[in-house]
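This is what each chain is made of:
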Amino acid sequence: FPVTIKDDLIRVYRGPEGKQKLQDDIFYTLKDSKEEVLIFGVDERKCNDTDKAYIERILKAGIKEKILVRHGDTFFIAPVDFYRWIPEGLFSPTPFFIYANKVAFVLSGDTIQIILIQNEQLASIYKKQFMHTWNHAAIPELGGET
């Protein structure tokens with residue numbers, strides 16, 4: 001259930017429905033803006049048809065992503081220019097998404113849990129850290145390591 005602290009909001013989503021709620025929130029938050037979704041640490045081998053439909057939906061809306069993945073990973077479901085490689089030591093199997101004034105952490109386990117925090121200061125800090133990493137990350141080479 002959502003918890004409100006001043007103007008901030010914390011939501012916890014669970015299970016496949018939670019993942020869909022996150023994707024819907026990203027879409028509806030960004031569909032009329034030119035902002036991007038910044039994604040750190042996904043392994044798209046775990047993606048399903050719902051994730052592929054989400055990519056199609058955001059692309060049609062003109063929403064772009066920047067996605068940091070493990071060095072050498074070439075399993076992409078979005079356009080290749082959305083990706084950058086980070087060293088294995090920086091990769092985390094706990095992905096997080098940064099968009100607008102929100103940060104969402106995806107925790108795996110018996111049931112997927114997503115913690116979505118709406119906080120301008122937190123989102124700003126994560127965006128700066130993400131962009132620093134993005135600007136120093138390698139551009140994927142198709143046909144590179146897998």
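Read on for an overview of the structure. (Residues numbered from 1 in each chain as written. Predicted model: local features only at pLDDT ≥ 70, side-chain atom pairs only at ≥ 80, totals over all residues. Heavy atoms only, no water.)

**Re helix 3 (residues 120-136)**
For helix 3, which comprises 17 residues, the first-to-last C-alpha distance of 25 Å matches the rise-based estimate of 24 Å (1.5 Å per residue) to within 8%. Within the span of helix 3, buried status applies to Ala123, Phe130, Thr133 and Trp134. Relative to the axis of helix 3, the buried residues are bounded by an arc of 100° and lie together on one face. Residues Gln121, Lys128, His132, Asn135 and His136 are exposed on helix 3 and point more than 90 degrees away from its buried face. Among the structural elements, strand 3 (36-40), strand 4 (64-70), strand 5 (83-86), strand 6 (96-99) and strand 7 (102-107) are those in contact with the buried residues of helix 3. At the N-terminal end of helix 3, a side-chain oxygen is found 3.1 Å from the backbone nitrogen of Gln121, two or three residues along, and the residue is Asn119. (Helix = DSSP H or I, 4+ residues; strand = E, 2+ residues; numbered from the N terminus. Expected span 1.5 Å × (residues − 1). Buried < 20%, exposed > 50% of the residue type's maximum accessible area, 1.4 Å probe, protein only. Arc of directions from axis to C-beta. Contact = heavy atoms within 4.5 Å. Polar contact = N/O pair within 3.5 Å; in protein donor to acceptor, adjacent residues only side chain to side chain.)

**Thoughts on the nonpolar core**
Membership of the largest hydrophobic core comes to 27 residues, with the highest contact counts inside it found for Leu22, Ile26, Val37, Ile67, Tyr83 and Phe97. Every element with two or more residues in this core is listed here: helix 1 (15-30), strand 3, helix 2 (49-60), strand 4, strand 5, strand 6, strand 7 and strand 8 (113-118). For this core, the element with the most residues is helix 1, which contributes 4 residues. Setting aside residues up to four positions removed in sequence, Phe97 forms contacts with Leu22, Ile26, Val37, Leu38, Ile39, Val42, Lys102, Val103, Ala104 and Val106. (Core = buried A, V, L, I, M, F, W, Y, C linked by side-chain atoms within 4.5 Å.)

**As for the packing of aromatic side chains**
For any pair of aromatic rings, the description consists of the separation of the ring centres together with the inter-plane angle of the planes. Enumeration over the complete set of coordinates arrives at 7 aromatic pairs. Taken together, a centroid distance of 6.0 Å and an interplanar angle of 50° make the contact between Phe96 and Phe105 tilted. Note on Phe130 and Trp134: the rings are 6.2 Å apart at their centroids and 20° apart in plane angle, and the pair reads as stacked. With Phe130 and Trp134 both in helix 3, this residue pair falls 4 residues apart, about one helical turn. Of the two residues examined, Phe130 and Trp134, each falls in the buried class. An aromatic cluster is defined as three or more aromatic residues linked by ring pairs; in this entry it consists of Phe40, Phe96, Phe105 and Tyr126. (Phe/Tyr/Trp six-rings, centres within 6.5 Å; stacked < 30°, edge-to-face > 60°.)

**Examining the side chain of Lys102**
When you line up the elements, Lys102 lands in strand 7. Owing to a relative accessible area of 7%, Lys102 belongs among the buried residues under this scheme. At 3.0 Å, the side chain of Lys102 and the side chain of Asp25 are in polar contact. With near-sequence residues (within four places) excluded, Lys102 lies in contact with Asp25, Thr29, Phe97, Leu116, Ile117, Gln118 and Ala123.

**As for the environment of Ala104**
Note on placement: Ala104 falls in strand 7. Of the residues examined, Ala104 reaches a relative accessible area of 0% and is grouped as buried. Along the sequence, Ala104 and Val12 sit 92 residues apart, while their C-alpha atoms lie 9.4 Å from each other. Aside from chain neighbours lying at most four places away, what touches Ala104 is Leu22, Pro95, Phe96, Phe97, Ile114, Ile115 and Leu116.

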